[in-house]
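Notes for the structure review
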There are 2 protein chains.
Amino acid sequence: METISTTASFGGELLRIKHRSQACDCDMIFAIYLPPQAKEKSVPVLYWLSGLTCTDENFMQKAGAQRVAAELGIAIVCPDTSPRGTDFAGEHDSYDFGSGAGFYVDATEEPWSANYKMYDYVTRELPGLVNEHFPVNGRCGISGHSMGGHGALVCYLRNPGKYLSVSAFSPICHPSDCAWGQKALSGYLGEDRNNWKPYDAALLIVDAEEKLPLLIDQGTEDDFLSDQLKPGTLEQACIANHYPLELRMQEGYDHSYFFISTFIEDHLRHHAEALL
Amino acid sequence: METISTTASFGGELLRIKHRSQACDCDMIFAIYLPPQAKEKSVPVLYWLSGLTCTDENFMQKAGAQRVAAELGIAIVCPDTSPRGTDFAGEHDSYDFGSGAGFYVDATEEPWSANYKMYDYVTRELPGLVNEHFPVNGRCGISGHSMGGHGALVCYLRNPGKYLSVSAFSPICHPSDCAWGQKALSGYLGEDRNNWKPYDAALLIVDAEEKLPLLIDQGTEDDFLSDQLKPGTLEQACIANHYPLELRMQEGYDHSYFFISTFIEDHLRHHAEALL
């Protein structure tokens, strides 16, 4: 593990860490914000999964989360959104597949299966590294935006007991039923839709037994709302399973980090209720 | 005037505006954040001048200022850092001169004098446009970072009565005495140092008669502290003129927007004391 940079922020420290990932078989970079409380004791962690085209940097630069994390005493970890340094045919051609668009799945299709193991990386390898090398207490929650909102929901729903809190901004709720999801799931997992279900929140949540309160914010002016994100599919699935979903349709907000920054404090306080 | 984009943020609106600048004889873009209070009444404005390489976007995306501006009811205006669309020899070759580096001066040297009139643009044309087209009440303050901190200090010091409040992050305090400043001032204004003085805060503040309280934050781990920024020069000039400077050396902080975001709330409250 190599510390690329250390930056003071709200009395704590933002680190960018480069390491060799076993899961992805390549060098990966993640960011971790350690609040000032981490100098004295171990703290809980919020994992944040970013959306298409992002790296570990977008959320830390634009969401304004460190202020609240520093107040509450919560660390934040932001992984990258795909393996890097590989160069498969077409990998860098589109914003919604390949680099920057790992979709938090473990790919089974060639050539992606050699490296695109973002589900394993995010749910197993990365928390292992964080727990081993940083002053964290093992209590963690998960959240994310868009593709990362999808990732957060899937990681939570498939790992009862692992995460103590969950939320999302503008998640891709039902990837089996939208263009972004179909392109990614067929490309990484093949055409058999039975293999897509483990990565589809609207399908998974119908069978959820653990039912942590789920907070979702979604802007009404989001360009991707009706074609890609489809929160109604998740809402219907939650109703079917009596799942406690608080879906807040935020009037006038779009898909940007200006939207996230406006409501991130609510999300951090939602996680703090479970993590602290 | 053309509205390029309108984005909801903390209950208010962030607009990017494109217009033909008379001062700079080219199209210019600025950003304005209107807090929710501006829907009901006119509000004061904080002008923010950004540093080298920035556009109207950096501060709005990374500083986290909208949250506090929305609470206080203060608009924020961010101009670009240079004319755009021109293509003089060498204009785009270096990060510290030419495009992205207008230094908030009115150039007198060819070819820059045809367009690089950022002092006139920021102190006269832009406030005129803002006052004419947006729900603002004419009360304004000014702040900025690095090159923009220099700009904020100079604009304030040369226009007594125009700004009701002033602050800066990591300003270039004495541009006549650092490499960034000497390159810019000689390039835009020529070699006669008498023409540099109107753009040098440490020289101007010695003669200041209006003495609004000046808040400056400066990180101790800023890579540019001793060679370019030199807050000690401004501090000495303030002592000589009994000028009320609060210079806060912030332990461990660097030159980045992570530093700005940590302390921007203090600055907005400093301005609010005078503006509200």
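Okay, so let's go over this structure. (Residues numbered from 1 in each chain as written. Chains lettered and ligands numbered in written order. Predicted model: local features only at pLDDT ≥ 70, side-chain atom pairs only at ≥ 80, totals over all residues. Heavy atoms only, no water.)

Right, let's get into the pairing of strand β1 (residues 2-9) of chain A. Within a regular strand, the side chains alternate between the two sheet faces. Residues and elements named next belong to chain A. In terms of strand pairing, β1 meets strand β2 (residues 12-21) through seven bridges, oriented antiparallel. In the sheet register, T7 faces β2, and the bridge partner there is L14. Counted along the chain from β1 to the antiparallel partner β2, the turn is two residues long, and its residue F10 has a positive phi close to 50 degrees. (Pairing = 2+ DSSP bridges. Helix = DSSP H or I, 4+ residues; strand = E, 2+ residues; numbered from the N terminus.)

Across the contact, 19 residues belong to chain B and 19 residues belong to chain A. Both sides of the chain B and chain A interface together cover about 1600 Å² of buried area, and 60% of this is carbon and sulfur. Its largest share of buried area at the contact with chain A, chain B owes to F10(B), Q61(B) and F258(B), together 37% of the area lost on that side. Along the contact surface separating chain B from chain A lie zero salt bridges. Linking chain B with chain A are six residue pairs in polar contact (both at pLDDT 80 or more), by the criterion used here. Ranked by residue count, the leading element in the side of chain B that touches chain A is helix α9 (residues 257-275) of chain B, at four residues. Classifying every residue of the side of chain B that touches chain A by side-chain character gives six nonpolar, nine polar and four charged. (Contact = heavy atoms within 4.5 Å. Buried area = accessible area lost by both parts, 1.4 Å probe. Salt bridge = Lys/Arg side-chain N within 4 Å of Asp/Glu carboxyl O. Polar contact = N/O pair within 3.5 Å; in protein donor to acceptor, adjacent residues only side chain to side chain. Nonpolar A, V, L, I, M, F, W, Y, C, P; charged D, E, K, R; others polar.)

The operation relating the pair of chain copies consists of a rotation about an axis and a translation along that axis. Note on the identical chains: chain B maps onto chain A by a rotation of 180 degrees and an axial translation of 0.0 Å, with an RMSD of 0.0 Å. Here the two chains are linked by the operation of a two-fold rotation axis. Closest approach to the rotation axis among the C-alpha atoms of chain B is made by K62(B), whose C-alpha sits 2.5 Å away. Taken as a fraction of all interface residues of chain B, those also at the interface in chain A reach 100%, which identifies the copy contact as same-surface. (Least-squares fit on C-alpha atoms with pLDDT ≥ 70 in both.)

Ranked by internal contacts, the top residues of the largest apolar core, which has 70 residues, are Y188(B) and L234(B). Here this core takes seven residues from helix α4 (residues 147-157) of chain B, the largest share from any one element. With near-sequence residues (within four places) excluded, L234(B) lies in contact with L153(B), C173(B), A201(B), A202(B), I205(B), L214(B) and I216(B). Counting residues in hydrophobic clusters, the runner-up holds 69 residues, among them V45(A), A101(A), V105(A) and L229(A). (Core = buried A, V, L, I, M, F, W, Y, C linked by side-chain atoms within 4.5 Å. Buried < 20%, exposed > 50% of the residue type's maximum accessible area, 1.4 Å probe, protein only.)

Enumeration according to the criterion identifies 28 salt bridges over all chains in this entry. A salt bridge links R248(A) to D266(A); the nearest nitrogen and oxygen atoms lie 2.8 Å apart. One end of the pair, R248(A), is in strand β9 (residues 245-250); the other, D266(A), is in helix α9 (residues 257-275), with 18 residues separating them in the sequence. In this structure, the salt-bridge partner of D217(B) is R248(B), at a minimum N-O distance of 2.7 Å. Here the residue D217(B) occupies a position in strand β8 (residues 214-219), and R248(B) occupies one in strand β9 (residues 245-250), the gap between them amounting to 31 residues. Look at D217(B) and you get buried, because its relative accessible area is 0%.

What follows covers the sheet that holds strand β7 (residues 165-169) of chain A. Residues and elements named next belong to chain A. Spatial strand order, β1-β2-β3-β5-β4-β6-β7-β8-β9: nine strands in an open sheet with mixed pairing. Two strands lie at the open edges of the sheet, namely β1 and β9, each paired on one side alone. Averaged over all neighbouring strand pairs, the angle between strand axes comes to 20 degrees, with direction disregarded. Across three bridges, strand β4 (residues 43-49) lies against strand β5 (residues 75-79) in parallel orientation. Bridged to Y47 within β5 is V77. (Axes fitted to C-alpha atoms, helices over the stretch in contact; angles between N-to-C directions.)

All right, on to the environment of S82(A) then. Residue and element names in this part refer to chain A. Of note, S82 is situated in the loop between β5 and α3 (118-133). Residues contacting S82, with those up to four places away along its chain left out, are M28, G98, S99, G100, A101, G102, Y116 and M118. At a separation of 2.8 Å, a polar atom in the side chain of S82 contacts the main-chain amide nitrogen of G100.

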